[in-house]
Amino acid sequence: MSTYMVVPLYPETGYVEMDPDAIWEGFITVVKGAVQDAGVQMRQIDAMGISTQRGTFTTWDRTTGVPFHNFISWQDQRAADLVKSWNSSCTMRAIHASMKVIYLLTRQKRALAASLVVFSTQHVTFRLVWALTHYKQVRRAVAEDNCCFGTIDTWILFKLTKGRVHATDYSNASSTGIFDSYQLCWSGFLSFLVSLPLSIFPKVENTDHYFGSTDPSIFGVSIPIMSVVADQQAAMFGECCFDVGDVKITMGTGTFMDINTGSKPHTSVAGLYPVVGWKIGSELVYLAEGNAADTGTAIKWAQELELFSDVQETSDMAYSVGHSDGVCFVPSFSGLQAPHNDPKACASFMGLKPSTTKSHLVRAILESVAFRNKQLYETMLRETCIPITTIRVDGGVSANDFVMQLTADLFGRKVSRPQHYEMSCLGAAFLAGLGKGFWRTREELKNLQSTDKTFLPPGAPSPNLEYMPVLHSWERALRRSMNWYKP
């Protein structure tokens with residue numbers, strides 16, 4: 001596997017950005033490295049599938065392809081006050097009230113969803129509003145019909161095709177917060193409400209659409225682009241979570257927990273978000289998703305503080321002490337997501353003592369990851385009422401046995417970890433391979449699955465019960481960390 005580190009930029013407090021040129025350079029480096037590592041030539045590549053981070057966007061000049069600003073990350077908090085203002089506005093209260101009446105009269109789930117919806121900084125909506133407000137060149141380009149908006153997938157497609165293709169797929173579009181997952185189009189109502197120009201948005205295609213071919217000048221040959229898919233949905237496909245009730249947990253920079261809800265979008269009251277998993281031909285699969293933003297971020301931060309030198313040490317460090325010595329860590333550098341939905345929450349250590357060691361701190365950080373997993377899992381069970389069939393976990397943090405075992409203990413369920421942790425790229429490859437006819441059926445894909453380790457909750461006495469006092473202390477710490485940052 002070829003990798004390239006794109007370093008986030010933090011120009012101001014709460015701002016998280018990425019350099020478009022660094023992303024493009026990284027993409028090209030990774031593709032060439034992967035082909036070289038596979039021992040093949042570019043001319044032997046039949047198709048390309050693209051999986052990228054969602055909700056991170058930029059805008060650029062339609063004619064020149066030059067970006068107007070850095071990518072604004074899904075973790076960015078610059079629009080937090082704007083989101084809070086809108087969520088408490090008279091306009092939102094009026095929308096909620098009118099949609100409740102419509103729901104009572106029609107029983108349409110779409111009306112129910114509209115009566116419950118709240119904006120989030122993780123959605124593109126108000127970060128894009130912020131960009132349109134603060135960047136004059138973006139407003140000028142919009143007025144001249146010369147502005148393109150795109151998440152990372154759209155930007156890469158535009159660059160690969162030398163500006164011929166301005167497109168995305170349903171999985172990426174549905175993750176922006178601007179896309180109507182019921183009507184399967186960019187939301188004209190929302191765009192009108194917050195003054196977003198529909199002219200800047202890309203065309204939305206099926207996940208397995210033929211998006212065009214790469215310009216020959218980039219790789220020396222023209223390669224068909226046979227799939228574009230958002231990273232979490234790609235991981236879901238890579239884990240072969242094709243059936244209703246299948247659950248996938250990806251623990252990378254953040255934790256994303258997804259459940260396959262079939263052909264119907266889920267309407268949430270606690271912050272689970274309905275996204276399109278994939279659209280292949282006439283098949284449309286929805287997921288309900290909850291997330292915690294700062295999983296890998298917290299572990300990387302701890303490493304930079306020299307609590308440990310190698311991430312692989314952390315599981316042994318946590319097991320080396322029988323408890324965290326009463327220390328609780330709240331992983332909320334980017335606020336708290338479902339079910340709390342508080343962008344003003346702060347990250348914190350609580351319960352520190354003179355007896356606290358590095359191992360206690362590391363154990364508290366890893367426990368917080370599992371505790372957030374439990375919160376998301378219980379929210380998912382309560383909200384969807386869908387019997388869960390399988391739980392598969394991937395992402396870099398899933399390599400940590402302590403986190404995996406505690407997660408299984410707290411769930412009271414078997415949790416499986418695949419042999420290869422990075423499933424998003426595999427999902428994109430599966431989709432491209434199916435589109436090209438390399439694989440004929442999804443059963444063939446299931447036969448390719450390999451499990452590295454299965455984590456089972458032990459019998460009585462249940463660690464779930466044993467951990468309740470620790471979990472309750474952590475929940476107290478979490479509540480004290482909420483609404484910390486004031487406008």
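Everything below is about the structure shown above.
Residues numbered from 1 in each chain as written. Predicted model: local features only at pLDDT ≥ 70, side-chain atom pairs only at ≥ 80, totals over all residues. Heavy atoms only, no water.

Caption draft 1: A look at the overall build of the protein chain. Across its full length, the protein chain carries 19 helices and 19 strands. Radius of gyration (C-alpha) of the protein chain: 22 Å, near the 23 Å computed for a compact globule of 487 residues. Referenced to the eigenvectors of the C-alpha coordinate spread, the extents of the protein chain come out at roughly 60 × 60 × 45 Å. A total of 487 residues make up the protein chain; the buried ones form 57% of that total. Of the side-chain charges in the protein chain, 43 are positive and 45 negative, and the distance between the mean point of each set is 6 Å. (Helix = DSSP H or I, 4+ residues; strand = E, 2+ residues; numbered from the N terminus. Rg over C-alpha atoms; globule rule 2.2 N^0.38 Å. Buried < 20%, exposed > 50% of the residue type's maximum accessible area, 1.4 Å probe, protein only. Lys, Arg positive; Asp, Glu negative; His and termini not counted. Charge placed at Lys NZ, Arg CZ, Asp CG, Glu CD.)

Caption draft 2: A look at unusual backbone geometry. Residue Ala338 is joined to Pro339 through a cis peptide bond whose omega torsion reads 0°. For Pro339, the position within the fold is in the loop between strand S15 (328–330) and strand S16 (348–350). In this structure, Asp145 is a non-glycine residue whose phi angle is positive, near 55°. For Asp145, the position within the fold is in the loop between helix H6 (136–143) and strand S5 (147–151). For Cys385, which is not glycine, the phi dihedral falls at a positive 55°. Tracing the backbone shows Cys385 in the loop between helix H14 (358–384) and strand S17 (391–394).

Caption draft 3: Local environment of the environment of Phe68. With respect to the helices, strands and loops of the structure, Phe68 is situated in the loop between strand S3 (57–61) and strand S4 (71–72). Relative accessible area serves as the criterion here: at 16%, Phe68 is assigned to the buried category. It is 9.2 Å that separates the C-alpha atoms of Phe68 and Cys147, two residues lying 79 residues apart in sequence. Excluding anything up to four places from it in sequence, Phe68 contacts Thr59, Trp60, Asp61, Gln137, Val138, Ala141 and Cys147. (Contact = heavy atoms within 4.5 Å.)

Caption draft 4: Region of the structure containing the pattern of salt bridges. The final tally for this structure, using the stated rule, is 18 salt bridges. Residue Glu289 is joined to Arg54 by a salt bridge in which the shortest nitrogen-to-oxygen separation is 2.6 Å. Linking Glu289 in strand S14 (residues 283–292) with Arg54 in the loop between strand S2 (48–52) and S3, this pair joins segments that are 235 residues apart in sequence. Across the pair, Arg54 and Glu289 agree in class, each one buried. (Salt bridge = Lys/Arg side-chain N within 4 Å of Asp/Glu carboxyl O.)

Caption draft 5: How the structure looks around helix H7 (residues 152–160). A large share of H7 lies buried, amounting to eight of its nine residues. Among the residues making up H7, those that are buried are Ile152, Asp153, Thr154, Trp155, Ile156, Leu157, Phe158 and Leu160. Backbone geometry just downstream of H7 places Lys162 in the positive-phi region, at approximately 55°.

Caption draft 6: Representation of the nonpolar core. With 53 residues, the main nonpolar core has Val247, Ile249, Met251, Met257 and Ile391 as its most contacted residues. For this core, the leading source of residues is H14, giving eleven residues. Here Val247 is in contact with Cys241, Met257, Asp258, Ile259, Met380, Ile388, Thr390, Ile391 and Arg392, once residues within four sequence places are set aside. Formed by 36 residues, the second largest nonpolar core is a distinct cluster that contains Phe57, Leu128, Trp130 and Leu132. (Core = buried A, V, L, I, M, F, W, Y, C linked by side-chain atoms within 4.5 Å.)

Caption draft 7: Seen up close, the pairing of strand S11 (residues 247–251). With five of its five residues buried, S11 lies for the most part within the structure. Burial along S11 is two-sided: the residues Val247, Ile249 and Met251 and Lys248 and Thr250 are all buried. As paired elements, S11 and S17 share four bridges and run parallel to each other. Bridging from a neighbouring strand, Lys248 pairs with Arg392 of S17. In terms of strand pairing, S11 meets strand S12 (residues 255–262) through five bridges, oriented antiparallel. (Pairing = 2+ DSSP bridges.)

Caption draft 8: Seen up close, the environment of Val129. Examined against the element boundaries, Val129 turns out to sit in helix H5 (residues 124–134). For Val129, a relative accessible area of 14% gives the class buried. Separated by 47 residues in sequence, Val129 and Leu82 have C-alpha atoms that sit 9.1 Å apart. Not counting chain neighbours up to four residues away, the residues in contact with Val129 comprise Leu82, Val194 and Leu196.

Caption draft 9: Structural detail: the packing of H5 against H6. Running from amino to carboxyl end, H5 crosses H6 at an angle of 95°, the nearest separation of the two axes being 5 Å. Classified by the interaxial angle, the pair formed by H5 and H6 is roughly perpendicular. Taken together, the residues of H6 that come into contact with H5 (itself represented by Leu132, Thr133 and His134) are Lys136, Val138, Arg139 and Val142. Tallied by class, the residues present in the contact of H5 with H6 amount to three nonpolar, two polar and two charged. (Axes fitted to C-alpha atoms, helices over the stretch in contact; angles between N-to-C directions. Parallel < 35°, antiparallel > 145°, perpendicular 65-115°, else oblique. Nonpolar A, V, L, I, M, F, W, Y, C, P; charged D, E, K, R; others polar.)

Caption draft 10: Main features of the pairing of S14. Burial analysis of S14 places nine of its ten residues in the buried class, the great majority of the element. Direction of pairing for S12 relative to S14: antiparallel, over a ladder of seven bridges. Bridge pairing in S14 links Asn260 to Leu287. As paired strands, strand S13 (residues 273–280) and S14 are joined by seven bridges and run antiparallel to one another. From the neighbouring strand, Val275 faces S14, where its bridge partner is Leu287. Here S13 folds back onto S14 in antiparallel fashion, the turn holding two residues, of which Gly281 has a positive phi close to 60°.

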